[in-house]
There are 4 protein chains.
Amino acid sequence: MARGLNKAMLIGHLGNDPEMRVTASGQSVVNFTVATNESFRDNNGNMQERTEWHRIVAWGKLAEICNQYLKKGRQVYVEGRLQTRSWDDNKTGEKKYTTEIICSDMQMLGSGRDQGGQGYDSNPSFQQPTAQKNSFRDDTPDQGGGLSETEKDDLPF
Amino acid sequence: MARGLNKAMLIGHLGNDPEMRVTASGQSVVNFTVATNESFRDNNGNMQERTEWHRIVAWGKLAEICNQYLKKGRQVYVEGRLQTRSWDDNKTGEKKYTTEIICSDMQMLGSGRDQGGQGYDSNPSFQQPTAQKNSFRDDTPDQGGGLSETEKDDLPF
Amino acid sequence: MARGLNKAMLIGHLGNDPEMRVTASGQSVVNFTVATNESFRDNNGNMQERTEWHRIVAWGKLAEICNQYLKKGRQVYVEGRLQTRSWDDNKTGEKKYTTEIICSDMQMLGSGRDQGGQGYDSNPSFQQPTAQKNSFRDDTPDQGGGLSETEKDDLPF
Amino acid sequence: MARGLNKAMLIGHLGNDPEMRVTASGQSVVNFTVATNESFRDNNGNMQERTEWHRIVAWGKLAEICNQYLKKGRQVYVEGRLQTRSWDDNKTGEKKYTTEIICSDMQMLGSGRDQGGQGYDSNPSFQQPTAQKNSFRDDTPDQGGGLSETEKDDLPF
DNA sequence: TTTT
DNA sequence: TTTT
């Protein structure tokens, strides 16, 4: 239920295996990072490469799919909304911020054959997992925003 | 020149007037914030509203258009790529991060009549500004990434 | 539940009032067109304008929101998936095709004050309609694709 | 140079090898189709698959890259704008329409190792082609729309 | 800090 | 920390 648009779309590779946990209220949540690469010609005419790293968060059934099928190195499409969280750094007492993509859609790209996966697509009975944010979720209190403070304290990041 | 996809798309309202400056090398750069609003029903069934704030950076001709036509409160569509910058906080000596959207396309939404603009669309000869990132730029060193360290030190954020 | 990505995103103005109907199975469906404008410089250096027309279809609760709040001339954001239908032209016996955007998200843009609407935003108690495709729908057979042939014959376009 | 937004984004597989030609005015143009797949549960609870076919057109340098590197079966990301063309069917004298995606960005997905390509990524000196629509093009008369009638008659579709 |  |  949006007024306005807040959308991020990435195609890149996972920088680490997904890290999964369950909140106090029983919600699954997964975190991973995705690198997007861009090449451009610098002032001297040489090709340069820049890598941008993105923090991805997925909830519920989508979290479980990410946890089960994604691995470090895997190429993915990720769609979601941008969210900036703040927290107090205990050491310095300062407020810190981090921007994450709250994932609502994920697609595995490539065949998986050479992506370090556990070979799901060599299994003929494999059903490509459906990675759209589970729809019964869309009308429920929004994850992340709707979390109780207890749950927020629980978050592994 | 991308390998992969790194795209953000917003529809929201400016939280402040654009702030423009020119780098040491003569590049125009503008900064502004955009709020996206989302309403959702909380655990108790009450409508809640969440506002997400986004930091927008535009370069070159697009910066000048943003500076000239956008005002606090104006509704806009913004498209760009996500970029996370880090800097050293002089007070604490810590590394800090901020994520921005490097704007490549901007569209003004609504009629402008009631958006605090300077009435550009009451002028019959007005040509809606073209807000696509100036194209001769696409092959040149990418702004933001391609900046010299001097210019980076110069940045007003 | 997608494998792959099939997404269209538009910002434009309605070319007609939405046309609503209910299928034999009781599903609401609405049709309208959206014009997107593009200006470019032609070979002789003159500014030219091109208008592209898009056919939009919405189902269920989203159809009802579109029908209730959208009017010819209104500026909207529309997101959906591309779908090409074919039918047999009775006169010529030939197969014909049309491509539509099956809408999953709609946002009204601008204030509505000068958009020929029925003044919803002058009503202080107005709650901006939520235009995301109703989520309980996402797990049901997909509309449009899942229609019975009877319903398809029924479609008003 | 847009007023409004007209964007399509696909991830899918090529249904045929790209077909390339050069217009009378010397512009390269390439055509290919992309299939996007969607799986959903039908009224009887069985998994169904739907395939949607999209017609892609690319111009200029991007056409040449598509022609050189894409093959039937290859997985790609395609971004572009929707354009509906009409022509007179000589047999029936009727006007017919087709909707295409005028490609402005293309990314090859997966490793290419198992995608029927000519093995470009087994070549260590291979530089991933840059597939963004050539940027000097953005300020020139828009391809497709800016074509002379002669060129349009020439088009191979 | 925006907007409805 | 990914990938080509």
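Here, every reference points to the structure presented above.
Figured I'd write up the structure that's included with this text. (Residues numbered from 1 in each chain as written. Chains lettered and ligands numbered in written order. Predicted model: local features only at pLDDT ≥ 70, side-chain atom pairs only at ≥ 80, totals over all residues. Heavy atoms only, no water.)

### Details of the pairing of strand β6 (residues 75–88) of chain C
All names here are of chain C.
- Counting buried positions over the 14 residues of β6 gives 10, a clear majority of the element.
- Bridge count for β6 against strand β7 (residues 95–108) is 13 bridges, and the pairing is antiparallel. Opposite Y77, over in β7, you have Q107 as the bridge partner. (Buried < 20%, exposed > 50% of the residue type's maximum accessible area, 1.4 Å probe, protein only. Helix = DSSP H or I, 4+ residues; strand = E, 2+ residues; numbered from the N terminus. Pairing = 2+ DSSP bridges.)

### Focus: the protein's contact with DNA strand F
- Neighbouring DNA strand F are 15 residues; H13(A), T33(A), N37(A), T51(A) and R3(B) lie closest to it.
- When atoms of DNA strand F within 4 Å of the protein are sorted by moiety, sugar and phosphate together comprise 40%.
- One of the backbone N or O atoms of L14(A) is found 3.3 Å from a sugar or linking oxygen in DNA strand F.
- One of the side-chain N or O atoms of T33(A) is found 3.0 Å from a base oxygen in DNA strand F.
- Listing elements by their share of the surface near DNA strand F, those giving two or more residues are β2 (5–14), β4 (28–41) and β5 (47–59) of chain A.
- Among the residues making up the surface near DNA strand F, the classes are represented as 3 nonpolar, 7 polar and 5 charged. (Near = heavy atom within 4 Å. Polar contact = N/O pair within 3.5 Å; in protein donor to acceptor, adjacent residues only side chain to side chain. Nonpolar A, V, L, I, M, F, W, Y, C, P; charged D, E, K, R; others polar.)

### Quick word on the pairing of strand β2 (residues 5–14) of chain D
- With 9 of its 10 residues buried, β2(D) lies for the most part within the structure.
- Strand direction decides the pairing type here: strand β2 (residues 5–14) of chain C and β2(D), joined by 7 bridges, are antiparallel. Note on β2(D): the bridge partner recorded for M9(C) is K7(D).
- The sheet contact formed by β2(D) and strand β6 (residues 75–88) of chain D spans 6 bridges and is antiparallel.

### Digging into the relation of the copies chain D and chain C
- Overlaying chain D with chain C gives an RMSD of 0.1 Å, the required rotation being 180° about an axis along which the chain moves by 0.0 Å. Each copy turns onto its partner about a two-fold axis. Minimal C-alpha separation from the rotation axis in chain D is found for A8(D), amounting to 2.1 Å.
- The overlap is high: 98% of the interface residues of chain D also sit at the interface in chain C, so the same surface is used on both sides. (Least-squares fit on C-alpha atoms with pLDDT ≥ 70 in both. Contact = heavy atoms within 4.5 Å.)

### Description of the protein's contact with DNA strand E
- Taken together, 15 residues sit near DNA strand E, with R3(A), G15(B), T33(B), N37(B) and T51(B) positioned nearest.
- The separation between a base oxygen of DNA strand E and a polar side-chain atom of R3(A) is 2.3 Å.
- Residue G15(B) places a main-chain N or O atom 3.2 Å away from a base oxygen belonging to DNA strand E.
- Going through the elements one at a time, β2 (5–14), β4 (28–41) and β5 (47–59) of chain B are the ones with two or more residues in the surface near DNA strand E.
- Residues that form the surface near DNA strand E fall into these classes: 3 nonpolar, 7 polar and 5 charged.

### Here's the deal with the interface of chain D and chain C
- In this complex, chain D contributes 44 residues to the contact, which on the side of chain C involves 44 residues.
- Together, the buried faces of chain D and chain C total about 3500 Å²; carbon and sulfur atoms form 46% of this surface.
- At the boundary of chain D and chain C, one finds 6 salt bridges.
- The partner of R81(C) in a salt bridge is E38(D), with the nearest N and O atoms 3.6 Å apart.
- Applying the counting rule to chain D against chain C returns 12 residue pairs in polar contact (both at pLDDT 80 or more).
- For the side of chain D that touches chain C, the secondary-structure elements that each account for two or more residues are β1 (2–3), β2, β4 (28–41), β5 (47–59), β6 and β7 (95–108) of chain D.
- Tallying contributions element by element places β2(D) first for the side of chain D that touches chain C, with 7 residues.
- In terms of residue class, the side of chain D that touches chain C is made up of 15 nonpolar, 15 polar and 14 charged. (Buried area = accessible area lost by both parts, 1.4 Å probe. Salt bridge = Lys/Arg side-chain N within 4 Å of Asp/Glu carboxyl O.)

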